[in-house]
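The lines below spell out each chain.
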Amino acid sequence: MDFDKLIAAIDHSTVHALRRAVEIGKFPDGNTLTKEQRALCLEAVLTWEARHLPEEQRTGYIDRGPKAEGELCDDEPAPQTQLKWADS
């Protein structure tokens with residue numbers, strides 16, 4: 001089975017189990033994931049989410065709010081002061 005068919009065959013509960021396995025480093029049956037297994041599980045989760053979930057529900061999404069549209073902060077920058085070095 002190729003990767004695309006595998007992703008298409010995954011259901012929501014399987015994605016949840018894979019996500020949990022990546023988080024804790026173990027499969028639901030208690031077996032530890034190898035580095036390669038962890039990477040493959042993460043790739044499967046991220047690919048499935050990209051195909052089935054809106055962006056704001058995906059793993060790693062950061063809500064930037066209105067700042068994403070270029071709105072500036074309300075805070076004024078702190079005034080700059082010059083340092084004067086004294087000879088001792």
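Below, the structure is looked at part by part. (Residues numbered from 1 in each chain as written. Predicted model: local features only at pLDDT ≥ 70, side-chain atom pairs only at ≥ 80, totals over all residues. Heavy atoms only, no water.)

## Thoughts on the side chain of E49
Along the chain, E49 turns up in helix 3 (residues 35-52). Classification of E49 as buried rests on a relative accessible area of 1%. Excluding residues within four positions of it along the chain, E49 makes contact with R19, R58 and T59. (Helix = DSSP H or I, 4+ residues; strand = E, 2+ residues; numbered from the N terminus. Buried < 20%, exposed > 50% of the residue type's maximum accessible area, 1.4 Å probe, protein only. Contact = heavy atoms within 4.5 Å.)

## Describing the nonpolar core
One recurring pattern in soluble globular proteins: nonpolar side chains tend to sit buried together. Counting twelve residues, the largest nonpolar core is built from I7, I10, V15, L18, A21, V22, L33, C41, A44, V45, W48 and L53. For this core, the elements supplying multiple residues, two or more each, are helix 2 (12-24) and helix 3. Excluding anything up to four places from it in sequence, L18 contacts I10, C41, A44 and V45. (Core = buried A, V, L, I, M, F, W, Y, C linked by side-chain atoms within 4.5 Å.)

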